[in-house]
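Spelled out from the first residue to the last, the chains are:
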Number of protein chains: 2
Amino acid sequence: MLSKKAQYAIYALVNLARKYNEGPVQIKTIAEEEHIPRKFLEAILIELKNLGFVNSKKGKGGGYYLINHPEDINLLTITRNFNGPLGLIPCACVVSYERCERCTDEDACSIKMMFRELRDTTADYLEGINLANLLEDNYFLNNNP
Amino acid sequence: MLSKKAQYAIYALVNLARKYNEGPVQIKTIAEEEHIPRKFLEAILIELKNLGFVNSKKGKGGGYYLINHPEDINLLTITRNFNGPLGLIPCACVVSYERCERCTDEDACSIKMMFRELRDTTADYLEGINLANLLEDNYFLNNNP
DNA sequence: ATATAGTCTATAGGAATAGTAGACTATTTT
DNA sequence: AAAATAGTCTACTATTCCTATAGACTATAT
């Protein structure tokens, strides 16, 4: 399961994607519409800003907005920044890789290979989904066999 | 990432699978070979026993052993019992499903569909791997295109 | 009997998660 | 310039989960 923080980040970005090109959206609005605790959301938005996903405008009529087009933000990127490693065991991770103490030959270890393949499948899948895909109702029903 | 507990459970079971039909294996032996803290391993083995994966024999020459053939224990079953939900968001879970507060029509929600498909892929993958598969070096090199 | 080896109860430190409070700063409109 | 709006920053807290550990107890085999 993703952390609440990671989940909130995704929902906040989807909310902004839905209103792309409609001007800044207030923190309060996002918090209410997405059922996210306001103060918690503030912290997440600042992180999203530092990561280059969103920008903000202060004062009246201010709020947050997406910097890039929804099509250019995929779920792997979001997940990477707000959640731990994708691999299920340390030696199967890429970014957070740790050598396995149990192995003499890690390159022949079936346990590692198995978990590594699962990790890669997951990464590819998440990378293939962007925010625009998530806006359309029934996207999957319409695009899957 | 799986919890240490879940990882240890998998490595302990693989250790027992490697010695299937060779009589009971002592806690101490498994702990040393798999680099698992002994007392922690004790607790995990008791849980594995209650779940019906292993049995134990007391006294001299005692230890733990697998009840079923390694081929009959898949990784989905192990993971389910020692780690949280497979789905990345609550509404995409099966066992730990929670209704989404954001949705009016969950059946048309692309976010849910996406995470649900990923969950199902992961579950199918884990279910397809059994302990016997993990014993053979290079299993994946030999069986994947 | 005695050594061996699993079982049970209880506890505990620490990290991560999730959330809160309040003062402060920048911008826009009047 | 003043007032209202809205984001920013610092600090704090509560709770849960993870990862263990200690030690006394019980059952079995020889």
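In this text, all values refer to a predicted model and were calculated from it rather than measured experimentally.

Cut-offs applied
Residues numbered from 1 in each chain as written. Chains lettered and ligands numbered in written order. Predicted model: local features only at pLDDT ≥ 70, side-chain atom pairs only at ≥ 80, totals over all residues. Heavy atoms only, no water. Salt bridge = Lys/Arg side-chain N within 4 Å of Asp/Glu carboxyl O. Buried < 20%, exposed > 50% of the residue type's maximum accessible area, 1.4 Å probe, protein only. Contact = heavy atoms within 4.5 Å. Buried area = accessible area lost by both parts, 1.4 Å probe. Polar contact = N/O pair within 3.5 Å; in protein donor to acceptor, adjacent residues only side chain to side chain. Helix = DSSP H or I, 4+ residues; strand = E, 2+ residues; numbered from the N terminus. Phe/Tyr/Trp six-rings, centres within 6.5 Å; stacked < 30°, edge-to-face > 60°. Lys NZ or Arg CZ within 6 Å of the ring centre and 35° of its normal.

K.L.:
Would you mind showing me how to read the pattern of salt bridges here?
P.N.:
When the charged atoms of two side chains with opposite charge come close together, those side chains can pair. All names here are of chain A. For the coordinates displayed, the defined rule picks out 22 salt bridges over all chains. A salt bridge links glutamate 101 to arginine 102, with the nearest nitrogen and oxygen atoms 3.9 Å apart. Exposure remark for glutamate 101: the relative accessible area of 52% places this residue in the exposed category. Accessibility expressed as a relative area gives 23% for arginine 102, which makes it partly exposed.

K.L.:
Even after reading the chapter, I still don't get the interface of chain A and chain B, so can you show me in this structure?
P.N.:
A common way to express how large an interface is: the accessible area buried when the components associate. Contact residues are listed per partner, giving 43 residues for chain A and 41 residues for chain B. Summed over both sides, the interface between chain A and chain B buries roughly 3,800 Å², with carbon and sulfur atoms accounting for 67% of that surface. Of all residues in chain A, the largest losses of buried area upon contact with chain B belong to A:Met1, A:Tyr11 and A:Arg102, amounting jointly to 19% of the total for that side. On inspection of chain A and its partner chain B, the count reaches 2 salt bridges. If you look at where chain A meets chain B, you find 10 residue pairs in polar contact (both at pLDDT 80 or more). When contributions to the side of chain A that touches chain B are tallied by element, the ones reaching two or more residues are α1 (4–18), α2 (27–34), α5 (110–127), α6 (131–135) and α7 (139–143) of chain A.

K.L.:
Looking at this structure, how should I read the packing of aromatic side chains?
P.N.:
Both the distance between ring centres and the angle between the ring planes are used here to describe each pair of aromatic rings. Here the structure, examined in full by the defined rule, presents 2 aromatic pairs over all chains. Between the aromatic rings of A:Tyr8 and A:Phe40, the centroid separation amounts to 5.6 Å while the plane-to-plane angle is 90°, which identifies the pairing as edge-to-face. Of this pair, A:Tyr8 sits in helix α1 while A:Phe40 sits in helix α3 (residues 38–50), and the two are 32 residues apart along the sequence. Looking at A:Phe40, the relative accessible area reads 36%, which means it is partly exposed. One cation-aromatic arrangement involves A:Arg102 over B:Tyr11; the distance from NZ or CZ to the ring centre is 3.9 Å.

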